[in-house]
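Tertiary structure, described
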Amino acid sequence: MSFIRDKELKKRFQNKVATGRLTFSFTVIYAVTVLLISGFLSKEHWIQIILLALSTLLMVALNNKNSLIRGFCRLVSCSFLAFTLMIPQLMESISGGIVQVLFITTLLLLFSAYQDRWAMGTILYAFICIGLISTQFIQIIFFLPLLWITMFTNLQEGSLRTLVASLLGFILPYWFWGTYSLLNGTYDVLICHVTGITAFDPLFEGLAAPTLLVPIIFITLLGIAGIAHFLRYSYADSIKTRMFFNVLMLLFFSSIIFLVLQPQHSDFLVRIAIICVAPFVAHFFTFTNSWMTNILFYVALAVTLTLTILNTWIL
C-alpha cells in the first residue's frame, strides 16, 4: 500500500531530482567544476580527490545494498558529495579522506551482518576499519560503545563471539604498528598517539569560524528535518531499514555533540556527520511533495551552492 501511495503522489521538482537517472551524473559534473574552481586539481591533490570519489561510490553501495531509500534514488550519494564540497577545507586532508572511506566501509560491513550473530569474520573486518581509523583519529574510540550497543540492539548481531571479534579487529592494526615501532625504535610515537585521547581543548574553541559553523548549522537543521520526517513516516519502510536509520541517527547526533564540544576534530567529525545525515536528507526530499518542502528543496540547493562558493572564495 505504501508503494502505491508513493506512486500516486504528484511529482514535484524535488521528487524528479531525487529519482532522476541523470541526477548523479549532474552532481559529478558539479563536483568536478567545484574542484576546478577551487584549484584542487591544479594543486594536484590527487589522493584527496581519489578518496572523495571512492567515498561517493561507497555511499552509492551503502544505499543500493541496504535499500535505504525504497525505489530508485541517487540522492544519498549526491547529498553526501554536495555537503562535503560545501566545506572545501575538508579536501586538504588525506587523513580525513582515509577516515571517510573507512567509516563508510564499516557501516557497509556492519549492515551486511544484520541479525547474524555468527558473522565473526564480517565484524572482524568492520572493526579492523575502526582500528585503522583510530590510527588517524584516536578519538573514534569514544564511538566504540555506541557501535557495540547498536550491534546488540538495532542490528541484532551482538554475541560473545562477535564482541570478541570486534575487540580483536580493533586491536589488530596496533599489533602491526607496535611491532613496527619496536623494530624501528619509534615506540614513543605510538605511545604519544594513544595518549592523545586524553587531550582536550577548551569547549567550543574554534567553532565560531564561519566556514565551519554555518555549514554545520545548515547540515544539522536539514538532518533534524529529515529525522523528524523519518520518525513520523517510518512505518512505510521495512523493519530492517528502520534499524539502519536508527544507527545512523545515533551516530549523527553523537558526532554533532562531539563536534560542538571539541571542534578541533572537525576534519573527522564533520565527515562522519555528513555520512550519517545524507540518507535522512535523501529520504526527506524523496518522500515529501508539498509546496512547502519543494520550496525548502530550492532553498537547500541555493544555500548549498552559496556556502560552497563563499567558502571556496574564503579558502
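Residues numbered from 1 in each chain as written. Predicted model: local features only at pLDDT ≥ 70, side-chain atom pairs only at ≥ 80, totals over all residues. Heavy atoms only, no water.

In this section: the overall build of the chain. Regarding its fold elements, the chain presents 14 helices and zero strands. Ordered by position in the sequence, the α and β elements of the chain form the string α-α-α-α-α-α-α-α-α-α-α-α-α-α. Its C-alpha radius of gyration of 20 Å places the chain within 12% of the 20 Å reference for a compact globule of 315 residues. Seen along its three principal axes, the alpha-carbon backbone of the chain occupies a region of about 65 × 50 × 35 Å. Counting 17 positive and 11 negative side-chain charges, the chain places the averaged centre of each group 18 Å from the other. (Helix = DSSP H or I, 4+ residues; strand = E, 2+ residues; numbered from the N terminus. Rg over C-alpha atoms; globule rule 2.2 N^0.38 Å. Lys, Arg positive; Asp, Glu negative; His and termini not counted. Charge placed at Lys NZ, Arg CZ, Asp CG, Glu CD.)

Okay, the packing of aromatic side chains next. Applying the stated rule across the entire model yields 18 aromatic pairs. When the ring of Phe-137 is compared with that of Phe-268, the centres are 4.8 Å apart and the planes differ by 15 degrees; the resulting orientation is stacked. Here Phe-268 lies in helix α13 (residues 266–287) and Phe-137 lies in the loop between α7 (120–136) and α8 (144–152), a separation of 131 residues in the sequence. Per residue, the accessibility class of Phe-137 equals that of Phe-268, and both read buried. Within the aromatic cluster, the residues linked to one another by ring pairs are Phe-13, Phe-284, Phe-285, Phe-297 and Tyr-298. The residue whose ring lies beneath Arg-21 is Phe-72, and the NZ or CZ to ring-centre distance is 4.1 Å. Residue placement shows Arg-70 over the ring face of Phe-287; its charged tip is 3.9 Å from the ring centre. (Phe/Tyr/Trp six-rings, centres within 6.5 Å; stacked < 30°, edge-to-face > 60°. Buried < 20%, exposed > 50% of the residue type's maximum accessible area, 1.4 Å probe, protein only. Lys NZ or Arg CZ within 6 Å of the ring centre and 35° of its normal.)

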